[in-house]
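What the coordinates show
If you want the building blocks of each chain, they are given just below.
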Amino acid sequence: MPDMGRFGPEIPLEELQRRRQACQQQMEPGSVLILHTAPKRIMSNDVAYRFRQDSDFYYLTGLPVEEGALVLQPEKAVVYLKPGSPEKEIWEGPQPNLEESAEMSGIQDSRNLEDLDKDLEGWINGTSALYYTYGNDSPDKILETAQRLLIRGRAGTSGPSKIVHPALLLHELRLIKSDWEIQRMQETAAITAEAHTEIIRAARPGTGEFELEAILHRVFRSHNAWEAYPSIVAGGERACILHYIKNDAILKDGDMVLMDAAASRGYIHSDVTRTFPVGPHFSQAQKDLYSVVLNAQKKAVEASVVGATMDSVHDVALDILIEGLIDLGILKESKEESLEKKTYRRFYMHRTGHWIGYDVHDVGSYYLQGQPRTFVPGMVCTVEPGLYIPSDDDIPEAFRGQGIRIEDDIVITEGPPLNLTKAVPVEIEQIEELKC
Ligand code: GLY
Ligand code: MN
Ligand code: MN
């Protein structure tokens, strides 16, 4: 076989051990958590998409392998895997064997996946709680086993006393990022900044949105990274289509481009949006609208501190956006009226941020006991206000069809917010200078 190099740990073992211990400490005594790898996803016929590991499985094992499971008890960890075979290696290259997987994950007890079926009853029988990702892609086998154990009570078996979604502990852990994770996020942010900077320079009247997307891919892949999510490269009015990913139009002079695109490596994501002119300059109307969004974004970033909430940050941005819309003659009523009747939603219809990490829209609850949860150090969220002005007759002409969003990734710290993506050009002068 060709030499593909040794399988080294993708995540430092201390980091993985810390995560598993934190999870185990919060599990109920006598409970078990069972997580599976992501399923193979078909693109068409027998052609599969590139494999993307399940984020929870990866977070706790660091294993990018297909077809496996993690079993965790408060005092024990076991990984089940399908070891590579000579035949599989011909098609897919070397797969880590059980010993190599143990080295990568730090979980010494690595077993053949074939044994899981027969072991499953032993893991689930009589557990105080079964942590199980119901819904999604979880195999039915686990629930079937739990039910079988329950109905065979006369034979002395019993099902789990309760089934708990791992979100309640694991996703809360994932919400608080370690220094190691934040360093990795800083790396994806730097790759993202390189791509955005090159693209702001490259955009010209006549350039295809797809050509800008091609630069994204080149820069990301040149750093062994991938796009974190389907990139949005939206020229002109297409910026008002929130999930525009066709990216197949030609850019026109006088238009702006809204680009929501970022890198991901080792399943750690960035999420960045910038809006810039196709030609060398913003028009005056574009500058006016952009300044409103930029001011809202800066103030919302400043407000992203310990004790704030997603809602309070949203309100900071919303206030500034509404005031700006009124000043520019786009909103015709008072701020109070607009807030009460929610008329601003015609121009700003999404929230201002979300958690980010191993998923772009990362896990962790937004509300605790019905109240917006307060920020604590180690949380990472996006701050991404925008304005999307429809081409309607009642809108001053210069603003029609303009869409602007500015998005950065922010770490909540003990002190001021840390903007991971601040190297991506954002000031009007900075952007225009790049285009000279
Ligand atoms: N790129 C997806 C988002 O901004 O939420
Ligand atoms: Mn986002
Ligand atoms: Mn985004």
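This write-up is about the structure you can find in this document. What you see is a predicted model, and the numbers here were worked out from it, not measured in a lab.

1. A short note on the site of ligand 1
Near ligand 1 the following residues occur: Tyr229, Asp260, Asp271, His354, His361, Glu384 and Glu407. One of the side-chain N or O atoms of Glu384 is found 3.1 Å from an oxygen atom in ligand 1. In the model, an oxygen atom of ligand 1 is placed 3.2 Å from a nitrogen or oxygen of the Glu407 side chain. For ligand 1, whose free accessible area comes to 200 Å², the fraction covered by protein is 81%. Across the shell around ligand 1, the residue classes tally to 1 nonpolar, 2 polar and 4 charged.

2. Some details on the coordination of the manganese ion (ligand 2)
Asp271 (OD), His354 (NE2), Glu384 (OE) and Glu407 (OE) make up the full set of protein donors to the manganese ion (ligand 2), lying at 2.1 to 2.2 Å. Between the 6 donor atoms coordinating the manganese ion (ligand 2), the angles at the centre fall across 52 to 155°, so the site counts as irregular. In terms of primary sequence, the donors binding the manganese ion (ligand 2) are separated according to D-x82-H-x29-E-x22-E.

3. Re the coordination of the manganese ion (ligand 3)
Six octahedral donors around a metal ideally subtend angles of 90 or 180 degrees, whereas four tetrahedral donors ideally subtend 109.5 degrees. Here the manganese ion (ligand 3) is held by Asp260 (OD), Asp260 (OD), Asp271 (OD) and Glu407 (OE), and the distances to it run 2.1 to 2.4 Å. One way to put it: the 6 donor atoms around the manganese ion (ligand 3) meet at angles of 56 to 168°, and that makes the site irregular. In terms of primary sequence, the donors binding the manganese ion (ligand 3) are separated according to D-x10-D-x135-E.

4. Considering the side chain of Asp119
Mapped onto the elements, Asp119 comes out in helix α5 (residues 116-124). For Asp119, a relative accessible area of 16% translates into the label buried. Setting aside residues up to four positions removed in sequence, Asp119 forms contacts with Tyr80 and Arg111.

5. Quick notes on the pairing of strand β11 (residues 256-260)
The element β11 is largely enclosed, with a buried count of 5 among its 5 residues. For strand β10 (residues 232-235) and β11, the ladder comprises 4 bridges, and the chain directions are antiparallel. Across the sheet, Gly235 pairs through a bridge with Val257, a residue of β11. Direction of pairing for β11 relative to strand β14 (residues 273-277): antiparallel, over a ladder of 5 bridges. Paired with Val257 across the bridge in β14 is Phe276.

6. Quick notes on unusual backbone geometry
Non-glycine residue Asn45 carries a positive phi angle of around 50°. Within the secondary structure layout, Asn45 lies in the loop between β2 (42-44) and β3 (47-48). Positioned with a positive phi, Tyr267 is a non-glycine residue whose angle comes to about 65°. Among the structural elements, Tyr267 can be located in the loop between β12 (263-265) and β13 (268-269). Among the residues examined, Tyr267 registers a relative accessible area of 16% and is labelled buried.

Basis of the calculations
Residues numbered from 1 in each chain as written. Chains lettered and ligands numbered in written order. Predicted model: local features only at pLDDT ≥ 70, side-chain atom pairs only at ≥ 80, totals over all residues. Heavy atoms only, no water. Near = heavy atom within 4 Å. Polar contact = N/O pair within 3.5 Å; in protein donor to acceptor, adjacent residues only side chain to side chain. Areas by Shrake-Rupley, 256 points an atom, 1.4 Å probe, with all protein chains shown as cover. Nonpolar A, V, L, I, M, F, W, Y, C, P; charged D, E, K, R; others polar. Donors = N, O, S within 2.8 Å, 3.2 Å for Na, K, Ca; no water. Tetrahedral: all angles 85-135°; square planar, octahedral: opposite > 155°, others 65-115°. Helix = DSSP H or I, 4+ residues; strand = E, 2+ residues; numbered from the N terminus. Buried < 20%, exposed > 50% of the residue type's maximum accessible area, 1.4 Å probe, protein only. Contact = heavy atoms within 4.5 Å. Pairing = 2+ DSSP bridges.

Honestly, it's all geometry; don't read function into it.
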